[in-house]
Amino acid sequence: QRKEKGNYIISMLHPDLVHLINYQNVWDYFKAIQKFLKETGLNCFWFAPNPDPDKVLSSFYNILCSQNHLNFVTYEHMNPHKFIDMLLGAQLIIGNSSCGLREAPALLVPSINGGARQRGRERELSVSDCSFKREAIYKALHENRGRIAGFHDPYHKGAGERIANKILELDLTL
């Protein structure tokens with residue numbers, strides 16, 4: 001059953017050790033979201049990045065936490081059940097977290113994958129990709145707000161059920 005959508009989006013931006021994220025990328029990402037929030041009246045729940053070897057994202061997160069940016073609420077950590085409930089009510093999720101490729105589509109939440117961190121990973125059709133250019137992020141936010149996300153069996157054509165049935169057929173007695 002679909003949950004009523006709240007007046008917020010979720011941001012989860014993590015370090016990318018292969019395709020480094022620089023200050024300009026993070027600044028463009030932030031400014032695009034900020035402009036979108038001002039126009040729509042939505043809020044953004046911004047989650048702390050994973051450990052960040054070059055400290056670009058963690059430095060930006062700390063600045064965001066220390067300043068009073070309207071429409072932004074920062075979270076260091078959250079109980080998994082509370083997070084899933086929050087995700088269910090989100091208008092969309094944006095960033096480069098695997099959550100946007102896995103959990104969000106399964107919960108029918110539109111997802112925007114920024115940058116190249118998740119390049120080559122299996123994803124649902126409901127995941128939109130964009131670069132870290134300010135205009136691309138801003139456009140993706142508007143295109144995905146209110147979009148109905150879909151979900152299909154990631155194992156395709158009932159393979160999960162067939163695998164489970166095969167396991168049940170095995171003689172596991174010792």
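Let me begin by describing the structure that accompanies this report. All figures in this text were calculated on a predicted structure; none of them were measured in a lab.

## With respect to helix α3 (residues 80-89)
Regarding α3, the residues found buried are F83, M86, L87 and G89. Each buried residue of α3 lies within a common arc of 165° when the element is viewed along its axis, so the set occupies one face. For α3, the elements touching its buried residues are β1 (8-12), β2 (43-47), β3 (72-75), β4 (93-95) and α4 (103-106). Capping of α3 at its N-terminal end is provided by N79; its side-chain oxygen lies 2.7 Å from the backbone amide nitrogen of H81.

## Looking at the sheet that holds β4
Sheet architecture is open: six strands sit in the order β3-β2-β1-β4-β5-β6, paired in parallel fashion. On the outer flanks of this sheet lie β3 and β6 (127-130), each paired with one strand and no other. Strand after strand, the sheet turns through a mean of 20° between neighbouring axes, direction not considered. The pairing of β1 with β2 spans five bridges and is parallel. The partner of I9 across the bridge, within β2, is C44. Strands β1, β4, β5 (111-114) and β6 of the sheet are contacted by helix α5 (residues 134-144), whose axis makes an angle of about 160° with β6.

## A short note on the packing of aromatic side chains
One pass over the structure, following the stated rule, counts ten aromatic pairs. Taking the centre distance of 5.4 Å and the plane angle of 80° together, the rings of Y29 and W46 count as edge-to-face. Of the two residues, Y29 sits in helix α1 (residues 23-40) while W46 sits in strand β2, which places them 17 residues apart along the sequence. Taken individually, Y29 and W46 each receive the classification buried, so the pair is uniform in this respect. Plain terms: the ring middles of Y29 and F132 are 6.1 Å apart, the flat faces sit at 70° to each other, and that makes the pair edge-to-face. Highlighted residues: Y29 in helix α1 and F132 in the loop between β6 and α5, separated in sequence by 103 residues. Judged on exposure class, the residue Y29 and its partner F132 are both buried. Every member of this aromatic cluster is reached through a ring pair, and the members are W27, Y29, F30, W46, F72 and F132. Across from the ring centre of Y138, 4.4 Å away, lies the NZ or CZ of K35, which sits over that ring.

## Some words on the nonpolar core
Nonpolar side chains in soluble globular proteins tend to end up buried together. Counting 28 residues, the largest nonpolar core has I9, I33, W46, I94 and L141 as its most contacted members. Among the secondary structure elements, those contributing two or more residues to this core are α1, β2, α2 (56-66) and α5. Here this core takes seven residues from α1, the largest share from any one element. Among all residues touching W46, those that are not within four sequence positions of it are S11, Y29, F30, I33, F60, Y61, L64, F72, V73, T74 and Y75. F47, F83, A90 and V109 belong to the second largest nonpolar core, which has 15 residues in total.

## So, the pattern of salt bridges
Summed over all chains, the structure comprises five salt bridges. With a closest N to O distance of 3.7 Å, R102 and E122 form a salt bridge. One end of the pair, R102, is in the loop between β4 and α4; the other, E122, is in the loop between β5 and β6, and 20 residues separate them in sequence. Given a relative accessible area of 39%, E122 falls into the partly exposed group.

Criteria and cut-off values
Residues numbered from 1 in each chain as written. Predicted model: local features only at pLDDT ≥ 70, side-chain atom pairs only at ≥ 80, totals over all residues. Heavy atoms only, no water. Buried < 20%, exposed > 50% of the residue type's maximum accessible area, 1.4 Å probe, protein only. Helix = DSSP H or I, 4+ residues; strand = E, 2+ residues; numbered from the N terminus. Arc of directions from axis to C-beta. Contact = heavy atoms within 4.5 Å. Polar contact = N/O pair within 3.5 Å; in protein donor to acceptor, adjacent residues only side chain to side chain. Pairing = 2+ DSSP bridges. Axes fitted to C-alpha atoms, helices over the stretch in contact; angles between N-to-C directions. Phe/Tyr/Trp six-rings, centres within 6.5 Å; stacked < 30°, edge-to-face > 60°. Lys NZ or Arg CZ within 6 Å of the ring centre and 35° of its normal. Core = buried A, V, L, I, M, F, W, Y, C linked by side-chain atoms within 4.5 Å. Salt bridge = Lys/Arg side-chain N within 4 Å of Asp/Glu carboxyl O.

No statement about biological role is implied by the geometric values presented.
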